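Report on the structure
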Amino acid sequence: MGEYFWVTENTLPDGVGVTAYCVGHVIWLVCGFLAAAVCALVYRRLSVHGRRVFSVSLALVIAVSEVVKDTFLAVNGAFGVGYLPLHLCGLSIFACLADAFHPTELGRQLLYCLVLPGALAALLFPDWLRYPLCSFQSIHSFTIHILLITYPIMKLPCGELRPDWKKLPRCFLLLVCVAAPVYVFNKVFGTNFMFLNWPSAGSPLELFAQWLGNPGYLLGLAALFPLVWSVMYLPWIISDAVKRKKRPLSEPS
């Protein structure tokens, strides 16, 4: 653990972070994906009641983890407006809680089309690598994002969550309705929630900023949604098409 375990943003020395896809980063990714796969296998074998208990427990662990992090920052005098849960992953905490306690079809679709890719993008292009891998901040960031991808993934094999591309317009409209006030909030308080003020370092958004400038990179961000969703939904669309093709036109008399 060493001397940097309890370091915060206001006590973080220069040069103690790591680079993207270093050995430690890759180990976190591999362990995270394995954990999500194991949870999905376990979840599939549970009863309906068992799944409900598992969902509630995991959602609460995610929420409590965030509270513990905020408490840690507050105690160390490092908590500020920039730590409010207004990033997509922060809002995903509430999406998981809502699904655990009051599941709805739209809520389930939001888990797949927004929570899953948002948390996955954070793991692939983390903005917390300025912290040492052994620090509390780094461990918490990796852990909570792994839990956020685990929650929707575990609901796929058992059929509780069936991606439906027809719900995407409603999901995107809801995202825009949330992003609009967050954008204004960013301008007022100088924050960067949802990375709407400036691109996250080391992410594809930096390339868009080089090509399109700021705020032009937001056009690139918007263009990512249909691209990512095409990759995420195409297997399900093909699967449904194959099932319809195999289905008999009429039952034998």
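See above for the structure.
What you are looking at is a predicted structure, and each value in this text was computed from that prediction instead of being measured.

**Examining unusual backbone geometry**
- Note the cis peptide between asparagine 214 and proline 215, where omega equals 15°.
- Even without a glycine there, the phi angle at methionine 194 is positive, about 60°.
- Topologically, methionine 194 is positioned in the loop between α6 (168-189) and α7 (204-212).
- Among the residues examined, methionine 194 registers a relative accessible area of 11% and is labelled buried.

**Some details on the packing of helix α4 (residues 105-124) against α6**
- Remark: α4 packs on α6, axes separated minimally by 10 Å, with the N-to-C direction vectors making an angle of 75°. As the angle between them shows, α4 and α6 are arranged roughly perpendicular. Within the contact between the two elements, α4 uses Leu106, Gln109, Leu110, Cys113 and Leu114 and α6 uses Leu168, Arg170, Cys171, Leu174 and Leu175.

**Points about the nonpolar core**
- Counting residues in each nonpolar core, the largest one holds 64 residues, and the members touching the most others are Ile62, Tyr112, Tyr151 and Trp229.
- Of the residues forming this core, the biggest block, 10 residues, is contributed by α4.
- Among residues more than four places away in sequence, those in contact with tyrosine 112 are Pro117, Leu156, Leu161, Pro163, Met232, Tyr233 and Trp236.

**Focus on helix α5 (residues 136-153)**
- With 18 residues, α5 should reach 26 Å at 1.5 Å per residue; the first-to-last C-alpha distance of 26 Å fits that figure.
- In terms of residue burial, α5 counts as a mostly covered element, since 15 of its 18 residues are buried.

**A short note on the side chain of asparagine 197**
- Tracing the sequence through the fold places asparagine 197 in the loop between α6 and α7.
- When near neighbours in sequence (up to four residues on either side) are disregarded, asparagine 197 contacts Asn186, Lys187, Thr191, Asn192, Asn214 and Tyr217.

Calculation rules
- Each chain has its residues counted from 1, following the order in which its sequence is written.
- Confidence filtering applies because this is a predicted model: local features only for residues at pLDDT of at least 70, side-chain atom pairs given and counted only at 80 or more, and all residues used for totals across whole chains, interfaces and linings.
- Side-chain calculation: all heavy atoms of the structure are included, whereas hydrogens and water are not.
- We count a stretch as a helix when DSSP gives it H or I for four or more residues in a row; a strand needs E for two or more, and each element gets its number in order from the N terminus.
- The classification of residues rests on relative accessible area computed with a 1.4 Å probe and restricted to protein chains. Under 20% of the type maximum is buried, over 50% is exposed, and intermediate values are partly exposed.
- To get an axis, fit a line to the C-alpha atoms, keeping to the stretch in contact for a helix; angles then go from 0 to 180 degrees between the N-to-C directions.
- Orientation is classified from the angle alone, with under 35 degrees giving roughly parallel, over 145 giving roughly antiparallel, 65 to 115 giving roughly perpendicular, and any other angle giving oblique.
- By definition in these notes, contact holds between two residues if any of their heavy atoms fall within 4.5 Å.
- Residues grouped as a nonpolar core are buried Ala, Val, Leu, Ile, Met, Phe, Trp, Tyr and Cys residues, joined through side-chain atoms within 4.5 Å.
- One less than the residue count of a helix, multiplied by 1.5 Å, gives the span that helix is expected to have.

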